[in-house]
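Now for the letters of each chain:
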Amino acid sequence: MGWIDAVAANLLASSAGLLLILALLMAATTRARTCILLFGLQSAVIAAQIAALARLHHFAEGWAVAALVVVVKVVAIPWVLLRITTALQTTPIAAAAIGPTASVFVGSGLILLSFAVVRPYVAELGVDPARLAAAVAVVLIGGLLMVTRRKALMQVLGLLVLENGIFLAALTTTLGMPLVVEIGISFDLLMWVFLMGLFVFRIRDTFDHVDVSRLRRLRG
Amino acid sequence: MLTLLLPLLVPLLAAVAVLAARRPGAAARVAGTAGVLELAAIAHAVIRIHLAGVLQAGPYLRADGLSAFFLVSIGLVFAFALAYSIGYLRHIPAGRFSSPRWFYALAFLFLFTMLAVYLSANLGLLWIFMEATTLASALLVGFYNTEGAVEAGWKYLMVCTVGIAFALFGTIVLYLAAVRSGVAGPQALDWAVLQAAAVRLRPAADLVKLAFVFAAVGYGTKVGFAPMHHWLPDAHAEAPSPISALLSAGLLNCALYALLRFNAIVGGALGPDFSHRILLGFGVLSLLLAALLIVVQRDLKRLLAYSSIEHMGVAAIGVGVGTPLALFGALLHLFNHSLAKSLLFFAAGNIRERYGNASLDEVRGLAQALPGTSVGLVAGGLAIAGLPPFGLFLSEFIILSALFATGHYVVAVVVLASFSVVFAALLHHVQPLLAGVAPAPERSFRTWWPGLAVMGVCGLCLLVLGVHLPAAFSRLLNAAVAVLRP
């Protein structure tokens, strides 16, 4: 079955590039639905990466984790988020504090930055620099989404992207955490998305908008 | 096995049972019964832990002296909060997710997650349950469904989850350090294994340092360390008062417990200096900032929230000094603070029910309108100001003397100065509430006697701890300190 191994190795080699492109697209997109789909795609790439690692390093837990990622992050969470956008029926524009051009520009800067910050660790850890840098870049771009997007839902998405980055970092450096821990984290994340959805509706019902930048009652 | 499982199973079953109790009044009875059972289960577990030293149940549950100490603390606080809630909730109208049924169910889930943090044998599980504490309590913070409550709940979910994501990264980095130092894979997150093998982590010193910094920022967000404290005043002020008490007296301790575990491992690997300096820094910053912000507060519950930040800072300073005496003082301080803050939030709850708000500008004539509550408020106020004969005086005195004994003179002066500012601010804020003439109540309100009785018990405990430490309690504290300084 040499060709499957070859495919897995290829997938692993190209996943960093794919993840970086997806992250940049997320920074550029202005529509909430597109961004949710991009998040699903990003999670799918991560799941494929885990499956490839499971194949190449012969560890069975990897298959379970990959399946978990597919169920929770590729299917369940995007589905919930899409349901929320449909139910809210607000303008589909993911209003941002900075325009898409500036966003991509900052995003590219963050990617360069991540390549710079992982350099000292690469030699010590013996990992692929591009994959580690991609993980850090995904974390940073998740942060960028959270800081620059004003709609409640987009901030949720930003944190999910950030978490994906942390997950990737764990995967790149240690082949992931033990299975029990991964299951627990996924469960927490799913519950968190449900609760956030609940709060998005409550914000709409009590404030008549979902613009988080206008939540300013509590100060000091 | 069952000893450690029981305290976790009771609240889970209680949550289900409470949700199933649909008749009015039934929820409170079920919750009360479950609360008594849970107290018995916790007491049983604590005694067994005390006899055995360390209790292990399967690969994922473990409790030692430190866990036992925190179990006692959360058990007491939860019992107080539950007893107080049963009277407090009489006025709550039934709504979706905000009926008394949901209140009790979520409170029991919240208790479950906090107990699970204390009983986890694994830093990964500890993180999972720490995040679950946020999830379980977010709906409770937003329970009133007002503009303020929804905003506070949103902010709480968002800020704490971002914060705790840092802690996840810290946990992963520590796992990486352990795996690279040759600790076997599945055990590389077990805190006992890590603490025993801490010396082997020394070659990966950079990673261990990175792990602690991320954990300190992450769990520190939930402790309410400045400058990550922004969620805390909002959540404490907008939540129903028994929940404010559970947050301040339960959740913050829980987050600090996570940091204590990290501190023990990192201290073993790198020597105590690195992690202690970070905790000392966060402690001083939180204390200073909270002391200054207490002065300008206009709402009683926000004031109490900032006071929680202040006292968490004091406890962090105690841990940061790190001598056995200082650790003893820090743990005692956490315990005292839990009692005092429960008392004060219960008092604030009565005030909010009677006056419709807890604004420091509007509440007047408290001594005349709510005599029992105002005695509680004054006693609690004196206690958190650190005056004798209350317990916080003793623990603050211990931490201060440890600061002087170890030559942290600058920190000691900052601490003393902050205490004076807080004392003046509390006097300035609380005294006007008592005098004057109370406006007519917006709706009929009578304080419920068990609520007052709970406040009395809190005050009495504080008084006893200020005068004399019972022998059993000293043993509990010493066993916890022994875990932190083997």
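Quick notes on the rules
- Residues numbered from 1 in each chain as written.
- Chains lettered and ligands numbered in written order.
- Predicted model: local features only at pLDDT ≥ 70, side-chain atom pairs only at ≥ 80, totals over all residues.
- Helix = DSSP H or I, 4+ residues; strand = E, 2+ residues; numbered from the N terminus.
- Rg over C-alpha atoms; globule rule 2.2 N^0.38 Å.
- Buried ≥ 20, exposed ≤ 12 C-beta atoms within 10 Å, placed from the backbone.
- Contact = placed C-beta atoms within 7 Å.
- Axes fitted to C-alpha atoms, helices over the stretch in contact; angles between N-to-C directions.
- Parallel < 35°, antiparallel > 145°, perpendicular 65-115°, else oblique.
- Nonpolar A, V, L, I, M, F, W, Y, C, P; charged D, E, K, R; others polar.
- Domains from an automatic or database assignment.
- Core = buried A, V, L, I, M, F, W, Y, C linked by C-beta atoms within 7 Å.
- Expected span 1.5 Å × (residues − 1).
- pLDDT = per-residue confidence, 0-100.
- Left-handed = near helix turned anticlockwise from the far one by under 90°.

(A) Local environment of the overall build of chain B. For chain B, the count of helices and strands is 19 helices and two strands. Over its C-alpha trace chain B gives a radius of gyration of 21 Å, about what one expects of a compact globule, namely 23 Å for 486 residues. The dimensions of chain B, computed from C-alpha atoms along their principal axes, are 70 × 55 × 45 Å. Burial status across chain B gives 64% buried among its 486 residues. Intrachain contacts of chain B at a sequence separation of at least 6 include 79% that bridge at least 24 residues.

(B) Spotlight on the packing of helix 16 (residues 391–405) of chain B against helix 18 (residues 449–467) of chain B. All names here are of chain B. Packing of helix 16 against helix 18 leaves a shortest axis separation of 6 Å and a crossing angle of 40°. By the angle class used here, helix 16 and helix 18 are oblique. Packed against helix 16, whose contacting residues are Gly391, Phe393 and Leu394, the element helix 18 presents Leu462, Leu465 and Gly466 at the interface. Residue classes in the contact of helix 16 with helix 18 are distributed as four nonpolar, two polar and no charged.

(C) Quick look at the domain arrangement of chain B. All names here are of chain B. By domain assignment, chain B separates into domain 1 (1–121), domain 2 (123–129 + 140–271) and domain 3 (289–486). Between domain 1 and domain 3, the C-alpha centre-to-centre distance is 24 Å. Tallying the contact residues gives 17 residues for domain 1 and 20 residues for domain 3. Tallying contributions element by element places helix 3 (residues 65–88) first for the side of domain 1 that touches domain 3, with 14 residues. Considered class by class, the residues forming the side of domain 1 that touches domain 3 number 11 nonpolar, five polar and one charged.

(D) How the structure looks around the interface of chain B and chain A. Facing the 30 residues of chain B at the interface are 27 residues of chain A. Among the elements of the structure, helix 5 (123–141) and helix 6 (147–180) of chain B are those that each provide at least two residues to the side of chain B that touches chain A. In terms of residues, the side of chain B that touches chain A owes the most to one element, helix 6 of chain B, which gives 18 residues. Its residues placed into classes, the side of chain B that touches chain A shows 20 nonpolar, six polar and four charged.

(E) Representation of the nonpolar core in the model. Core analysis: the biggest nonpolar cluster contains 283 residues, and Ala137 and Ile141 of chain A together with Phe108 and Leu331 of chain B have the highest contact counts within it. It is helix 6 of chain B that provides the largest number of residues to this core, a total of 23 residues. Contact partners of Phe108 of chain B, with chain neighbours within four places excluded, come to Pro11, Ala14, Ala15, Val18 and Ala34 of chain B.

(F) How the structure looks around helix 19 (residues 471–484) of chain B. Over its 14 residues, helix 19 of chain B runs 20 Å from end to end, which matches the ideal 20 Å to within 8%, given 1.5 Å per residue. Next to the buried residues of helix 19 of chain B lie helix 3, helix 10 (241–270) and helix 13 (324–355) of chain B.

(G) Region of interest: helix 5 (residues 129–148) of chain A. Between its first and last C-alpha atoms helix 5 of chain A spans 28 Å; for 20 residues at 1.5 Å apiece the expected length is 28 Å, and the two agree. Summarising burial for helix 5 of chain A: 15 of the 20 residues are buried, a large majority.

(H) Expanded view of the environment of Pro441 of chain B. In this fold, Pro441 of chain B is placed in the loop between helix 17 (409–434) and helix 18. In this structure, the C-alpha to C-alpha distance between Pro441 of chain B and Arg354 of chain B, residues 87 residues apart in sequence, is 6.0 Å.

(I) Quick peek at the environment of Gly459 of chain B. Residue and element names in this part refer to chain B. For Gly459, the location among the structural elements is in helix 18. Owing to 20 C-beta atoms within 10 Å, Gly459 belongs among the buried residues under this scheme. In this view, Gly459 contacts Leu343, Gly376 and Ala379; residues no more than four positions away in its chain are not counted.

(J) Broad picture of unusual backbone geometry. Cis geometry is found at the peptide bond from Ala226 of chain B to Pro227 of chain B, where omega equals 0°. Cis geometry marks the peptide bond from Pro388 of chain B to Pro389 of chain B, where omega comes out at 10°. Residue placement: Pro389 of chain B occurs in the loop between helix 15 (371–384) and helix 16. The phi angle at His58 of chain A is positive, at roughly 50°, despite the residue not being glycine.

(K) Quick peek at the environment of Ser67 of chain B. Residues and elements named next belong to chain B. Checked against the element boundaries, Ser67 lands in helix 3. The exposure class of Ser67 is buried, given the 27 C-beta atoms found within 10 Å. Once the C-alpha coordinates of Ser67 and Ala479 are considered, the two residues, 412 residues apart in sequence, prove to be 9.9 Å apart. For Ser67, the residues in contact, after removing those within four places along its chain, are Ile49, Tyr118 and Leu119.

(L) Quick look at the confidence of the model for chain B. On average, residues of chain B score 91 in pLDDT, and 98% of them are at 70 or above. Listed scores for the predicted complex are pTM 0.94 and ipTM 0.89.

(M) Fine view of the packing of helix 6 of chain B against helix 9 (residues 231–238) of chain B. Residue and element names in this part refer to chain B. It is the contact of helix 6 with helix 9, at a shortest axis distance of 9 Å, that shows an interaxial angle of 140°. As summarised for this structure, helix 6 and helix 9 are arranged oblique, according to the angle between their axes. Crossing angle aside, the handedness with which helix 6 passes helix 9 is left-handed. Contacts between helix 6 and helix 9 involve Gly148, Ala149, Ala152, Lys155, Tyr156, Val159 and Cys160 on the former and, on the latter, Trp231, Asp234, Ala235 and Glu238.

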